[in-house]
Amino acid sequence: MSKAQQIMLGKGLADLPFGATRSEVEAVLNVPDERDEVDLGDEISEAWHYWDLGISLNFDESEDFQLTTIEVASPEVTLLGKKVIGMKREEAQAFLDTQKIGPSKVEASRGLAYEDVELTLWFNGGECAEIQFSKM
């Protein structure tokens, strides 16, 4: 997998489509640096972390442990043609609000969500630090 990846909303990353099995992901990225199992109460979610790539992946029990959510922190990843990691909150919101992906909603104290496309941007120190997106 190349570090320069394009986020395809609702579909995944260029090399990692939503719905991929754990073995299919492992064939692309190899063994993750770390694995966590999270009990969400009504189901189990397994998180795989690839720290050097700046990517974390979630596989949910309700989806037969297929890839359902991707979190990226790599500044090389593009969203709708732009590198959003490192952008100031106002700049990222102004850009995304012109993209016909639905209205934004402030999420907690440091997030900005676009629920229509299952997209959340997380900010640290006023700059986008992580993009989280899921299967629609």
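What counts and how
Residues numbered from 1 in each chain as written. Predicted model: local features only at pLDDT ≥ 70, side-chain atom pairs only at ≥ 80, totals over all residues. Heavy atoms only, no water. Helix = DSSP H or I, 4+ residues; strand = E, 2+ residues; numbered from the N terminus. Buried < 20%, exposed > 50% of the residue type's maximum accessible area, 1.4 Å probe, protein only. Contact = heavy atoms within 4.5 Å. Areas by Shrake-Rupley, 256 points an atom, 1.4 Å probe, with all protein chains shown as cover. Lys, Arg positive; Asp, Glu negative; His and termini not counted. Charge placed at Lys NZ, Arg CZ, Asp CG, Glu CD. Pairing = 2+ DSSP bridges. Axes fitted to C-alpha atoms, helices over the stretch in contact; angles between N-to-C directions. Core = buried A, V, L, I, M, F, W, Y, C linked by side-chain atoms within 4.5 Å. Polar contact = N/O pair within 3.5 Å; in protein donor to acceptor, adjacent residues only side chain to side chain.

> Help me understand the overall build of the protein, please; the structure alone is not making it clear to me.
Of the regular secondary structure elements, the protein holds two helices and 13 strands. When the backbone C-alpha atoms are referred to their principal axes, the protein occupies close to 40 × 35 × 25 Å. In the protein, which comprises 136 residues, the proportion classed as buried is 43%. Considering only residue pairs separated by 6 or more positions, the protein has 36% of its internal contacts joining residues 24 or more positions apart. With the model as given, the accessible surface of the protein reaches about 7,100 Å², and the carbon-plus-sulfur share is 46%. Within the protein, one finds 12 positive and 27 negative side-chain charges whose respective centroids are separated by 9 Å.

> Could you clarify how one ought to interpret the sheet that holds strand 12 (residues 119–124) in this entry?
For sheets, the rule is that strands pair by backbone hydrogen bonds, running either parallel or antiparallel. Taken together, the eight strands give an open sheet; going across it, the order is 4-5-6-7-13-12-11-10, and neighbouring strands pair in antiparallel fashion. Lying at the two open borders of the sheet, with one neighbouring strand each, are strand 4 (34–39) and strand 10 (105–107). Direction aside, neighbouring strands of the sheet carry axes that sit 20° apart on average. Of the strand pairs in this sheet, strand 4 and strand 5 (residues 44–50) are connected by six bridges, and their pairing is antiparallel. Along strand 5, the bridge assignment pairs Glu37 with Glu46. Its contacts with the sheet place helix 1 (residues 22–29) against strand 4, strand 5 and strand 6 (55–60), and it is angled at close to 5° to strand 5.

> Would you mind going over the nonpolar core with me for this structure?
Looking at soluble globular proteins, one finds that nonpolar side chains tend to be buried together. Within the largest apolar cluster, 35 residues are counted, with the highest numbers of intra-cluster contacts made by Leu57, Ile70, Leu119 and Ile131. With residues near it in sequence (within four places) discarded, Ile70 still touches Gly12, Leu13, Leu16, Phe18, Ile55, Ser56, Leu57, Ile131, Gln132 and Phe133.

> I'm lost on the environment of Leu16 in this one. Help?
Among the secondary structure elements, Leu16 is positioned in strand 3 (residues 16–17). You can call Leu16 buried: its relative accessible area is 1%. Linking Leu16 and Thr78, residues 62 residues apart in sequence, is a C-alpha distance of 14 Å.

> How should the side chain of Thr68 be read in this particular structure?
Mapped onto the fold, Thr68 is located in strand 7 (residues 66–72). A polar contact of 3.0 Å, which involves the side chain of Thr68, links it to the side chain of Asp60. Not counting residues up to four positions away in its chain, the partners in contact with Thr68 are Phe18, Asn58, Phe59, Asp60, Glu63, Phe133, Ser134 and Lys135.

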